[in-house]
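Here is what each chain is made of, one letter per residue.
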Amino acid sequence: MNQRLRDPLDRALGSLPTEVAPEKDLWAQIEAQISASPPIHQREHRVDVVPRRHFNVSSRWLQMAAAVLLIAGSSFTTWVIVQRSANERVMRAQQFTVQQMQPVLNAMPASFGGADALGADYQKARAALCDEFDRRVAKLPPVTRARLERDLADLRRAANHVAATLGQHPGDPLLQQLLLSTYQSELALLGSLNDVSTPETVGVDL
Amino acid sequence: MLSGIGAIEQPSALDRALSADTALILAARSGDVKAFEQIYRAHIGRVLGICLRMTHRRDVAEDCAQLTFVRAWRNLGAFEGRSAFGTWLHRIAVNEVLTYTRNHGTRLEAETQGLDDAHLDTEAAQGAMPAPGTVDAGEVMDMERALATLPEGSRHVVVLQAIYGYSHEEVAEMLGIAVGTCKAQLHRGRRMLRERLGLGEFEP
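Undergrad: Any details on the overall build of chain A? Residues and values, ideally.
TA: Scanning chain A for helices and strands turns up 8 helices and 0 strands. Element order for chain A, N to C, with α for helix and β for strand: α-α-α-α-α-α-α-α. Across the 206 residues that make up chain A, the buried fraction comes to 12%. Put simply, 60% of the contacts in chain A that link residues at least 6 apart link residues at least 24 apart.

Undergrad: Would you mind going over the interface of chain A and chain B in detail, with residue names and values included?
TA: At the junction of the two partners, chain A supplies 31 residues and chain B supplies 42 residues. Those elements giving two or more residues to the side of chain A that touches chain B turn out to be helix 1 (3-6), helix 2 (8-15), helix 3 (27-34) and helix 4 (40-46) of chain A.

Undergrad: How would you summarise the nonpolar core if you had to cite specific residues and measurements?
TA: Formed by 50 residues in total, the largest nonpolar core has its most connected members in B:Val47, B:Leu48, B:Cys51, B:Cys64, B:Ala65, B:Ala93 and B:Val171. Of all the elements, helix 3 (residues 33-55) of chain B adds the most residues to this core, at 10 residues. Excluding residues that lie within four positions of it along the chain, B:Val47 makes contacts with B:Ala65, B:Thr68, B:Leu89, B:His90 and B:Ala93. Listed in part, the 11 residues of the second largest apolar core include A:Ala125, A:Leu179, A:Leu190 and A:Leu193.

Undergrad: Before we move on, can you summarise the packing of helix 3 of chain B against helix 8 (residues 152-163) of chain B with the specific residues and values?
TA: Relative placement of two packed helices is described by the angle separating their axes and the distance separating the axes. All names here are of chain B. Closest axis-to-axis distance for the helix 3/helix 8 pair is 8 Å, and the angle between their directions is 145°. Here the hand of the crossing between helix 3 and helix 8 comes out right-handed. Mapping the contact onto sequence places Ile50, Arg53 and Met54 in helix 3 and His156, Val159 and Ile163 in helix 8. A breakdown of the residues in the contact of helix 3 with helix 8 according to their chemical character gives 4 nonpolar, 1 polar and 1 charged.

Undergrad: Can you tell me about unusual backbone geometry, naming the residues and giving the values?
TA: It is generally the case that most residues other than glycine have a negative phi and that most peptide bonds are trans. A positive phi is found at B:His56, a non-glycine position, where the angle reads about 60°. Structurally, the position occupied by B:His56 is in the loop between helix 3 and helix 4 (58-74).

Undergrad: Describe helix 7 (residues 137-148) of chain B, with residues and values.
TA: Residues and elements named next belong to chain B. A rise of 1.5 Å per residue sets the reference length of helix 7, with its 12 residues, at 16 Å; its end C-alpha atoms lie 17 Å apart and thus fit the reference within 8%. Within helix 7, burial applies to Val140, Met143, Ala146 and Leu147. Buried positions in helix 7, seen along its axis, are confined to an arc of 125° and lie on one side of it.

Reading the values: the criteria
- Residues numbered from 1 in each chain as written.
- Chains lettered and ligands numbered in written order.
- Predicted model: local features only at pLDDT ≥ 70, side-chain atom pairs only at ≥ 80, totals over all residues.
- Helix = DSSP H or I, 4+ residues; strand = E, 2+ residues; numbered from the N terminus.
- Buried ≥ 20, exposed ≤ 12 C-beta atoms within 10 Å, placed from the backbone.
- Contact = placed C-beta atoms within 7 Å.
- Core = buried A, V, L, I, M, F, W, Y, C linked by C-beta atoms within 7 Å.
- Axes fitted to C-alpha atoms, helices over the stretch in contact; angles between N-to-C directions.
- Left-handed = near helix turned anticlockwise from the far one by under 90°.
- Nonpolar A, V, L, I, M, F, W, Y, C, P; charged D, E, K, R; others polar.
- Expected span 1.5 Å × (residues − 1).
- Arc of directions from axis to C-beta.

Okay, here's the thing in structure tokens:
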């Protein structure tokens, strides 16, 4: 007799019946469940042709749809990245232009566009030039006077247009440069008559 | 030589049982429900025994046993014959019990009445008293009650190994635990059973 059979615990455990009869027959319920579903390998055998082909076709369409989605997605992502980098380049260029213009703008503190007033020094010099211009142009022949006044009016009208546009796009460096150039042209026109007609000039520090 | 031929012509009872089981399995795999019913009749006792001892609730055990056979039917194609069909079936049963335990809490209310009744039914059916030297029905019921009080982990290992004879490796695989854990749980369960049954430490 081996050790397991002499140990009372093993003897008691070994004496327990390994089989237990069910109180009710479970087969009826089992049969009801399995009759609706044949074994797996048999199910595969039965549905071998049509459903599998259908599945393959569906699978192929799904693969194609997935490929199209992947291509569209990657294209959109690339477009977004390119657009973003282009915008960043434009923004950097604008910032660079403004930085380049900053000394000029600081030297002539004129506010561009909108209702902001130009710098006080500029206004003072400009007023003096205008007075001198009016005084001297009155002595010129009518044809010359009309041409000068028309040129001056054109410049001022252009400046007003540019300033109005700049009011709508205050950060546009090209408009800022154009307005600055217009003001300079106006001052040059006012001063040109002064230089030609009289030996003394009005100093304007632009 | 003649005896060798005779051995081939007259296979052992185990061989006959195995070949009969194999024939039934093959028939069931091809959709023969009657063949599967014979498989059910041959295995329900042990499957229900495992479920009942692991859960200690007859209603839950019968549900698990029923699900075991339904799942076995659906997965007959996956049975490759590497282990005995009974072992494959018992793995499914243990899995059903563990799934039930996970879904309905880790502690099942212990109920030994079902097992007591099963023992009484078995005795009545056999119509015989226990043979001399063996344990009697009262001791068996005491053992069942002691088993029911074991912690779940220890009880599962004791049931599968000490009652149904599976190895540490097989039990560990069935329960999804390490072999070392399995050994520790068995040791703990046996110690607790000795305490509860008043059995001293056995010294060979």
